[in-house]
Amino acid sequence: MMTAPQLSAPHERIRTGRMRHNAERWSWMFMRISGAILMLLIFTHLIVNLVLGEGVSQIDFAFVAGKWAAWYWQVADFLMLVLALIHGGNGMRLLINDYAHRTTTRKVLHSVLGVAVVAVIVLGSLVIWTFDPCPVDADPSLLPGFCASVAG
Amino acid sequence: MTATAEASTPAGEVPSFEVTLRIRRMNPEGTSEHGAGEEYWEEFRIQAHATDRVLDALHKVKWDVDGSLAFRRSCAHGVCGSDAMRINARNRLACKTLLKDLNPAKPILIEPIKGLPVEKDLIVDMEPFFASYREIMPFLMTSGPAPERERLQTPAERERYDDTTKCIMCAACTSACPVFWTDGQFFGPQAIVGAHRFIFDSRDEGQWDRLEILNDKAGVWKCRTAFNCTEACPRGIEVTKAISEVKKALNTGEI
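Quick notes on the rules
Here the residue index of a chain counts from 1 through its sequence in written order. In the order they appear in the text, chains get letters beginning with A and ligands get numbers beginning with 1. Whole-chain, interface and lining totals are the exception, using all residues; otherwise, since this is a predicted model, local features are given only for residues with pLDDT of at least 70 and side-chain atom pairs are given and counted only at 80 or more. The basis for the side-chain values is all heavy atoms of the structure; hydrogens and waters are excluded. To qualify as a helix, a DSSP run of H or I must reach at least 4 residues; to qualify as a strand, a run of E must reach at least 2; elements of each kind are numbered from the N terminus. Here the term buried applies to any residue with accessible area under 20% of the maximum for its type, exposed to any over 50%, and partly exposed to those in between, with areas from a 1.4 Å probe on protein chains only. Contacts are residue-level and defined by heavy atoms, with any inter-residue pair within 4.5 Å sufficient. Only centres within 6.5 Å qualify two rings of Phe, Tyr or Trp (six-membered ring in Trp) as a pair; their planes then separate them into stacked at under 30 degrees, edge-to-face at over 60, and tilted for everything else. For this document, the term salt bridge refers to a Lys or Arg side-chain nitrogen within 4 Å of an Asp or Glu carboxyl oxygen. Identification of polar contacts relies on pairs of N or O atoms within 3.5 Å, with a donor-acceptor requirement for protein atoms, meaning one able to donate a hydrogen and the other able to accept it, and with residues adjacent in sequence counted only if both atoms are side-chain atoms. In this description, a line fitted to the C-alpha atoms serves as the axis of each element, helices being fitted only across the stretch in contact, and the angle between N-to-C directions of two axes falls anywhere from 0 to 180 degrees. Should an angle fall under 35 degrees it is taken as roughly parallel, and over 145 as roughly antiparallel, whereas 65 to 115 is taken as roughly perpendicular and any remaining angle as oblique. Lys, Arg, Asp and Glu make up the charged group, whereas Ala, Val, Leu, Ile, Met, Phe, Trp, Tyr, Cys and Pro make up the nonpolar group; the residues left over, Gly among them, are polar. Handedness of a crossing follows from how the near helix is turned relative to the far one, being left-handed for an anticlockwise turn of less than a right angle and right-handed for a clockwise one. A pair of strands is labelled paired if DSSP reports no fewer than 2 bridges between them.

With an unreviewed UniProt entry as reference, chain B is termed succinate dehydrogenase, source organism Demequina capsici.

Let's talk about the overall build of chain A
Counting its regular elements, chain A contains five helices and zero strands. Sequence-ordered secondary structure for chain A, helices as α and strands as β, is α-α-α-α-α. The 152 residues of chain A split such that 32% are buried. Taking the contacts inside chain A whose residues are at least 6 apart along the sequence as the reference set, 66% of them involve residues at least 24 apart.

Brief notes about the packing of aromatic side chains
Enumeration according to the criterion identifies seven aromatic pairs over all chains in this entry. Their ring planes at 50 degrees and their centres at 5.1 Å tell us that A:Trp28 and B:Trp221 sit as a pair that is tilted. Placement of the pair is A:Trp28 in helix H1 (residues 23–51) and B:Trp221 in the loop between helix H7 (207–214) and helix H8 (228–232), with the two residues belonging to separate chains. B:Trp221 shares its class with A:Trp28; the two are buried. Here A:Trp68 and A:Phe131 contribute two aromatic rings whose centre-to-centre distance is 5.2 Å and whose plane-to-plane angle is 80 degrees, an arrangement assigned as edge-to-face. One end of the pair, A:Trp68, is in helix H2 (residues 61–68); the other, A:Phe131, is in the loop between helix H4 (103–129) and helix H5 (147–151), with 63 residues separating them in the sequence. Under the relative-accessibility criterion, A:Trp68 is labelled buried at 16%. Each member of the aromatic cluster is reached from another via a ring pair, and the members are A:Phe61, A:Trp68 and A:Phe131.

Digging into the interface of chain B and chain A
Each partner contributes residues to the interface: chain B has 20 residues there, and chain A has 20 residues. There are two salt bridges connecting chain B and chain A. The shortest N-O distance in the salt bridge between A:Asp98 and B:Arg224 comes to 3.0 Å. If you look at where chain B meets chain A, you find five residue pairs in polar contact (both at pLDDT 80 or more). Elements that contribute at least two residues to the side of chain B that touches chain A include exactly helix H5 (178–182), H7 and helix H9 (239–252) of chain B.

Notes on the packing of H7(B) against H9(B)
All names here are of chain B. Remark: H7 packs on H9, axes separated minimally by 11 Å, with the N-to-C direction vectors making an angle of 100 degrees. When the axes of H7 and H9 are compared, the pair comes out roughly perpendicular. On H9, the residues that touch Trp208, Leu211 and Leu214 of H7 are Val246, Ala249 and Leu250. The residue makeup of the contact of H7 with H9, split by class, is six nonpolar, no polar and no charged.

Brief notes about the packing of helix H6 (residues 189–199) of chain B against H7(B)
All names here are of chain B. Packing of H6 against H7 leaves a shortest axis separation of 9 Å and a crossing angle of 155 degrees. As far as their axial angle goes, H7 and H6 are roughly antiparallel. Here H6 and H7 pass one another in a crossing that is left-handed. The segment H6 lies against H7, with Ile192, Ala195, Phe198 and Ile199 engaging Gln207, Arg210, Leu211 and Leu214.

Re the environment of A:Leu142
Residues and elements named next belong to chain A. Secondary-structure assignment places Leu142 in the loop between H4 and H5. Using a relative accessible area of 53% as the deciding quantity, one classes Leu142 as exposed. Sequence separation between Leu142 and Phe63 is 79 residues; the distance between their C-alpha atoms is 9.5 Å.

Considering the sheet that holds strand S2 (residues 39–49) of chain B
In a beta sheet, neighbouring strands are held together by backbone hydrogen bonds and run either parallel or antiparallel to one another. Residue and element names in this part refer to chain B. Spatial strand order, S2-S1-S5-S3-S4: five strands in an open sheet with mixed pairing. In this open sheet, the two edge strands, each paired with only one partner strand, are S2 and strand S4 (90–93). Adjacent strand axes in the sheet meet at a mean angle of 35 degrees, parallel and antiparallel pairs treated alike. Most of the contacts of helix H2 (residues 54–65) go to S2, to which it runs at about 105 degrees, and overall it touches strand S1 (16–26), S2, strand S3 (84–87) and strand S5 (108–111).

Structure, rendered in structure tokens:
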């Protein structure tokens, strides 16, 4: 009687830099979710800043200071900053993986990218959270309305 | 055939016309005019019939004009998957593409499929493509003793993976994928189609082994849903959809 040939398991797969378990899956998931949230944040940002009220001409120091005096605008802008940078940074990471074939090139580019992303997040967060809407000795005509009561 | 074409020729005669083929050529040994491994375009003007396919035109060139032209073909009927090539910048099977559908008034561009090393003229080294396919273990994996009779499944269970059984491994999809062009690490759409055919087969028990392989760095997450593969597939397989189903299985843990 003839028996079916037994197929042995194929040889060990050759992989350069095997990822931690599920890392690429989480990266993919993050891109979908952060993308959807970013759409919402960015369009809110654009509509509030450029369409509502007096439009583009309303944007000056007082306008920005007035927005950041409210905690929810601080949170929204902080979220937009962090998500946009990680989303964009992760996209760049994938592009580097695609086009940088030499290990050293890839490592250098990844490090530069990581430093840039972290630096911009840190600087941006500092601006958002330590922002002073009523700096002393500033021209009062440039400051938001509520500064008069604060200074007074 | 269109009524106008039939009206202009006597009954029973197939209209014929002249076409120009611009073929991307490369000879690893070099020719009298071109160096070894040099890539260049060469034009051929031939007489063709309205019923001719690109493959017939290539045959005419090879048999009557330049015998050194190298290309693969076997069945010539769109089943063996040997003659995938880039025709007018789109991946097609030469044996399934009619010349009259390609605007014969203009030169027809014929190139080897992209992303795989060219061996000669339109022949590429398919080994990286087959290596990806082997990695997803394209064979039935079961546990327990083999049954006396065939392994049964319901028509609905068969329907689940019907689309991906149509694959003829011509590499049109994989060599149309922009991620595959840049990065030799990506499995490519065909390997995922091949895995899909077994992952969603009710008789197979190796689905999580395969999903684990496709969860890897070079696996399904490299897909950016460009849809080039779906457009390129000469069998009409919804390749991007199959890839998304694999992603969904990995994300939900359900098959």
